[in-house]
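Per-entry structural report
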Amino acid sequence: VFYETMSTGARLIVTDDGSVRQFIQNGENGFIVEDPAEGAEIVQKLLKDNELSEMIRANAIKSSREMFTSADERFDREVLLIEKTIEEYKNRNKR
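Attention here is on the structure that accompanies the text.

The rules behind these values
One numbering rule holds for all chains: residues counted from 1, following each sequence as written. The predicted nature of this model means local features are confined to residues of pLDDT at least 70 and side-chain atom pairs, given and counted, to a pLDDT of 80 or more, with totals for whole chains, interfaces and linings taken over all residues. To get the side-chain values, take all heavy atoms of the structure and skip hydrogens and water. The rule for a salt bridge is simple: a side-chain nitrogen of Lys or Arg has to be within 4 Å of a carboxyl oxygen of Asp or Glu. Note on conventions: DSSP H or I runs of at least 4 residues are helices, E runs of at least 2 residues are strands, and numbering of each starts at the N terminus. Burial classes follow relative accessibility: with a 1.4 Å probe on protein chains only, a residue under 20% of its type's maximum area counts as buried, one over 50% as exposed, and anything between as partly exposed. A fitted line through C-alpha atoms serves as each axis, taken over the contacting stretch for helices, and the angle formed by two N-to-C directions is quoted from 0 to 180°. Small angles under 35 degrees read as roughly parallel and large ones over 145 as roughly antiparallel, with 65 to 115 read as roughly perpendicular and the rest as oblique. Contact criterion: two residues are considered in contact whenever any of their non-hydrogen atoms come within 4.5 Å of each other. Polar here means any residue outside two lists: the nonpolar Ala, Val, Leu, Ile, Met, Phe, Trp, Tyr, Cys and Pro, and the charged Asp, Glu, Lys and Arg; Gly therefore counts as polar.

A word on the pattern of salt bridges. Considering all chains together, one arrives at 5 salt bridges under this definition. For Glu 54, the salt bridge identified is with Arg 57, shortest N-O distance 3.9 Å. Here Glu 54 and its partner Arg 57 are both found in helix 3 (residues 50-67), 3 residues apart, which amounts to about one turn of the helix. Residue classification places Arg 57 among the partly exposed residues on the basis of a relative accessible area of 31%. Notably, a salt bridge pairs Arg 92 with Glu 88, separated by 3.0 Å at the nearest N-O pair. Residue Arg 92 and its partner Glu 88 are located together in helix 4 (residues 71-94), separated by 4 residues, close to a single helical turn.

All right, on to the packing of helix 2 (residues 36-48) against helix 3 then. Running from N to C, helix 2 and helix 3 point in directions that differ by 105 degrees, and their axes come no closer than 5 Å. By the angle between their axes, helix 2 is roughly perpendicular relative to helix 3. Between helix 2 and helix 3, the contacting residues are Lys 45, Leu 46 and Lys 48 on the first element and Asn 50, Leu 52, Ser 53 and Ile 56 on the second. Partitioning the contact of helix 2 with helix 3 into residue classes produces 3 nonpolar, 2 polar and 2 charged.

Below, the structure written as structure tokens:
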């Protein structure tokens with residue numbers, strides 16, 4: 001869910017449950033906080049600092065594109081796999 005959310009440009013503020021660090025680089029493409037109070041501070045900071053907010057947004061989108069394949073790309077790969085499988089099946093049955 002992280003990369004889908006990041007691909008929209010959302011500014012993620014998350015707690016560290018052990019899995020988020022593979023997606024979020026704290027202060028670069030989102031924020032990892034210890035508690036709700038720290039999360040509230042980040043929200044205030046983002047509301048006051050448009051430049052920071054836009055940087056996080058752009059980096060989140062960029063990170064999501066670098067880390068994951070789009071739905072269209074996955075679809076195209078699946079269609080290609082199906083087409084190759086059908087072709088292989090046809091070739092085996094000609095023998």
